[in-house]
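# Architecture and fold: a report
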Amino acid sequence: MTNLKGAKKILLSGVKPTGRVHIGNYFGAMKQFVEMQDEFDSYVFIADYHAVTTVQDKAKMSLGIIDVALDYLAIGLDPKKVTLFKQSDIPQVHELNWIFNCITTMPYLMRAHAYKDAEAKNKEINVGIFDYPLLMAADILLQDADVVPVGQDQKQHVEYARDTAQKFDNTFNSKIFKLPEPLILKSVETVPGTDGRKMSKSYGNVIPLFATDEEIKKAVMSIPTDSKGVEESKDPETNGIFAIHKLLLNEADKAALALRYKNGGLGYKEAKEGLIGALKAFIGPMRDRRALLASDLDHVFDILKEGGQKARNRAEKKMQEIRQTVGVEIY
Ligand code: ADP
Ligand code: TRP
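Residues numbered from 1 in each chain as written. Chains lettered and ligands numbered in written order. Predicted model: local features only at pLDDT ≥ 70, side-chain atom pairs only at ≥ 80, totals over all residues. Heavy atoms only, no water.

## Remarks on the domain arrangement of the chain
Here the domain parsing of the chain yields domain 1 (10-191 + 296-326) and domain 2 (210-290). For domain 1 and domain 2, the distance between their C-alpha centres works out to 33 Å. With 13 residues of domain 1 in contact, the opposing surface of domain 2 contributes eleven residues. Buried surface at the junction of domain 1 and domain 2, summed over both partners, amounts to about 1100 Å²; 64% is from carbon and sulfur atoms. One can count three salt bridges joining domain 1 with domain 2. Where Asp 71 meets Arg 290, a salt bridge forms, and the shortest distance between an N and an O atom there is 2.7 Å. Summed over the shared surface of domain 1 and domain 2, the result is five residue pairs in polar contact (both at pLDDT 80 or more). Taken together, the elements giving at least two residues each to the side of domain 1 that touches domain 2 come down to helix 1 (23-35) and helix 3 (58-74). (Domains from an automatic or database assignment. Contact = heavy atoms within 4.5 Å. Buried area = accessible area lost by both parts, 1.4 Å probe. Salt bridge = Lys/Arg side-chain N within 4 Å of Asp/Glu carboxyl O. Polar contact = N/O pair within 3.5 Å; in protein donor to acceptor, adjacent residues only side chain to side chain. Helix = DSSP H or I, 4+ residues; strand = E, 2+ residues; numbered from the N terminus.)

## Some points on the packing of aromatic side chains
Two aromatic rings, taken as a pair, are described by how far apart their centres are and by the angle between their planes. By the definition in use, this model includes twelve aromatic pairs. Ring geometry for Phe 33 and Tyr 72: centres 6.2 Å apart, planes at 55°, overall tilted. Of this pair, Phe 33 sits in helix 1 while Tyr 72 sits in helix 3; the two residues are 39 residues apart in sequence, bridging distant segments of the chain. Residue Phe 33 is classed as buried on the basis of its relative accessible area of 0%. (Phe/Tyr/Trp six-rings, centres within 6.5 Å; stacked < 30°, edge-to-face > 60°. Buried < 20%, exposed > 50% of the residue type's maximum accessible area, 1.4 Å probe, protein only.)

## What to know about helix 11 (residues 251-263)
The terminal C-alpha atoms of helix 11, which comprises 13 residues, lie 18 Å apart, in line with the 18 Å expected from a rise of 1.5 Å per residue. By the burial criterion, the buried members of helix 11 are Leu 257, Ala 258 and Tyr 261. Axial view of helix 11: buried residues confined to an arc of 105°, hence all on one face. In helix 11, the exposed positions that point more than 90 degrees away from the buried face belong to Ala 252 and Asn 263. Lining the buried residues of helix 11 we find helix 10 (240-245) and helix 12 (268-294). Once helix 11 finishes, Gly 264 follows within two positions and takes phi at roughly 85°, a positive value. (Expected span 1.5 Å × (residues − 1). Arc of directions from axis to C-beta.)

## Remarks on the site of ligand 1
As a matter of local geometry, ligand 1 sits amid 16 residues, with His 22, Gly 151, Asp 153, Val 191 and Lys 201 nearest to it. At 2.7 Å, a backbone N or O of Val 191 approaches a nitrogen atom of ligand 1. Looking at the shell around ligand 1, its residues break down into four nonpolar, eight polar and four charged. (Near = heavy atom within 4 Å. Nonpolar A, V, L, I, M, F, W, Y, C, P; charged D, E, K, R; others polar.)

## Observations concerning the pairing of strand 2 (residues 41-46)
Burial of strand 2 is extensive: five of the six residues sit out of reach of the surface. In the sheet, strand 1 (residues 10-15) pairs with strand 2 via six bridges, with the strands oriented parallel. Counterpart to Leu 11 in the pairing with strand 2 is Ser 42. Handedness of the crossover joining strand 1 and strand 2 through helix 1 is recorded here as right-handed. (Pairing = 2+ DSSP bridges. Right-handed = clockwise from strand over helix to strand, strands pointing away.)

## Focus on the pattern of salt bridges
All told, the structure shown has 18 salt bridges when counted by the stated rule. Here Arg 20 ties to Glu 215 by a salt bridge, and the two come within 2.8 Å at their closest N and O atoms. Linking Arg 20 in the loop between strand 1 and helix 1 with Glu 215 in helix 9 (residues 213-221), this pair joins segments that are 195 residues apart in sequence. On the basis of relative accessible area, Arg 20 is assigned to the partly exposed category, the value being 44%. You can call Glu 215 partly exposed: its relative accessible area is 29%. Among the salt bridges present, the one from Glu 273 reaches Lys 269, with a minimum N-O distance of 3.2 Å. In this pair, Glu 273 and Lys 269 both sit in helix 12, four residues apart, roughly one turn of the helix. What makes Glu 273 partly exposed here is its relative accessible area of 42%.

## Describing unusual backbone geometry
Of note in the backbone geometry, Asn 122 takes a positive phi value of approximately 55° without being a glycine. Relative to the helices and strands, Asn 122 is located in the loop between helix 6 (113-120) and helix 7 (127-142). Using a relative accessible area of 71% as the deciding quantity, one classes Asn 122 as exposed.

## Let's talk about the pairing of strand 3 (residues 82-86)
In summary, the side chains of a regular strand alternate between the two faces of the sheet. Most of strand 3 sits out of view: four of its five residues are buried. Bridge count between strand 2 and strand 3: five bridges; the pairing is parallel. Pairing of Ser 42 across the sheet is with Val 82, part of strand 3.

## Thoughts on the site of ligand 2
Near ligand 2, the surroundings consist of 14 residues, among which Lys 16, Tyr 132, Met 136, Asp 139 and Gln 154 are the closest. The separation between a nitrogen atom of ligand 2 and a polar side-chain atom of Tyr 132 is 2.7 Å. Between ligand 2 and Asp 139 there is a distance of 2.8 Å, counted from a nitrogen atom to a side-chain nitrogen or oxygen. For ligand 2, whose free accessible area comes to 360 Å², the fraction covered by protein is 91%. Where the shell around ligand 2 is concerned, the elements lending two or more residues are strand 1 and helix 7. Classifying every residue of the shell around ligand 2 gives eight nonpolar, four polar and two charged. (Areas by Shrake-Rupley, 256 points an atom, 1.4 Å probe, with all protein chains shown as cover.)

This is how it looks when you write it as structure tokens:
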């Protein structure tokens with residue numbers, strides 16, 4: 001994907017270090033980073049400062065950051081093609097975040113889904129949660145991202161980034177920001193968890209992306225089923241086992257399995273065993289790669305440091321333009 005000048009378009013996305021990643025994160029967002037790494041000039045980061053809204057424990061934070069770095073490399077992101085970094089190596093995002101704070105109204109931020117959800121649940125809302133969309137806008141706009149691959153639940157945040165870019169340029173009569181596009185795979189808008197709700201760390205219904213064989217079995221066995229017998233026809237569209245299994249199949253195999261559900265003869269025990277086998281085959285090799293990477297953390301740190309340097313240089317260049325536009329750069 002190139003622009004008019006023939007340069008590759010810029011892709012940027014991030015994942016928070018808030019716990020083990022699951023197959024919903026992978027199919028909804030992370031897989032796309034890998035598939036698009038040749039086509040785009042890609043910037044993929046660990047959103048550690050976003051995680052401070054909820055992770056307020058030194059060890060958890062440090063281990064979480066290392067985990068996401070290992071996850072990125074284990075799923076196949078190639079540091080020669082992708083700039084991998086951690087958000088906290090780019091202090092310029094906070095400088096831009098402040099400027100965005102000053103051109104954004106409170107009622108506008110109060111419309112954010114994440115804020116409204118937290119409020120509806122009567123949660124204690126810290127200022128970081130409230131301001132979360134603007135820190136994310138700073139991540140995206142500082143790197144001049146064209147596309148932002150995310151799951152459906154992050155679409156609104158990318159819209160906030162677009163709105164904020166326009167608000168800035170209207171306010172300062174400038175034209176310095178690109179309008180980023182969210183990139184959401186139609187086929188996997190939301191991956192369901194083992195209980196049928198959205199797969200999410202906060203619901204405890206996940207299949208970890210690097211699950212052990214034991215964990216895979218336990219998670220699949222917990223998917224609820226109705227009392228239909230082996231020979232009865234089953235609707236694949238509403239079946240919780242099929243909803244996950246189909247993610248691991250090509251179109252032909254998906255259609256063939258759907259037919260087996262419809263025709264009858266496929267019992268839930270066999271269906272679950274099939275899913276367990278498919279998950280083991282998919283997860284096993286990635287898990288091995290991850291273990292190997294974890295045995296040389298210095299190498300992983302070098303990758304992050306180098307990526308951080310590159311992303312920071314780009315951010316500083318953009319920030320100089322922004323400071324000039326705002327009028328604080330007087331000498
Ligand atoms: P979680 O809800 O488990 O805390 P995050 O909010 O950390 O997940 O999401 C990280 C990325 O994974 C985001 O781009 C998000 O849109 C995507 N994602 C999370 N859960 C799902 C899901 N169940 N289906 C599809 N994408 C998802
Ligand atoms: N908010 C994203 C999430 O919860 C993480 C994130 C932070 C992000 N900054 C970003 C994603 C910039 C894409 C682009 O998953």
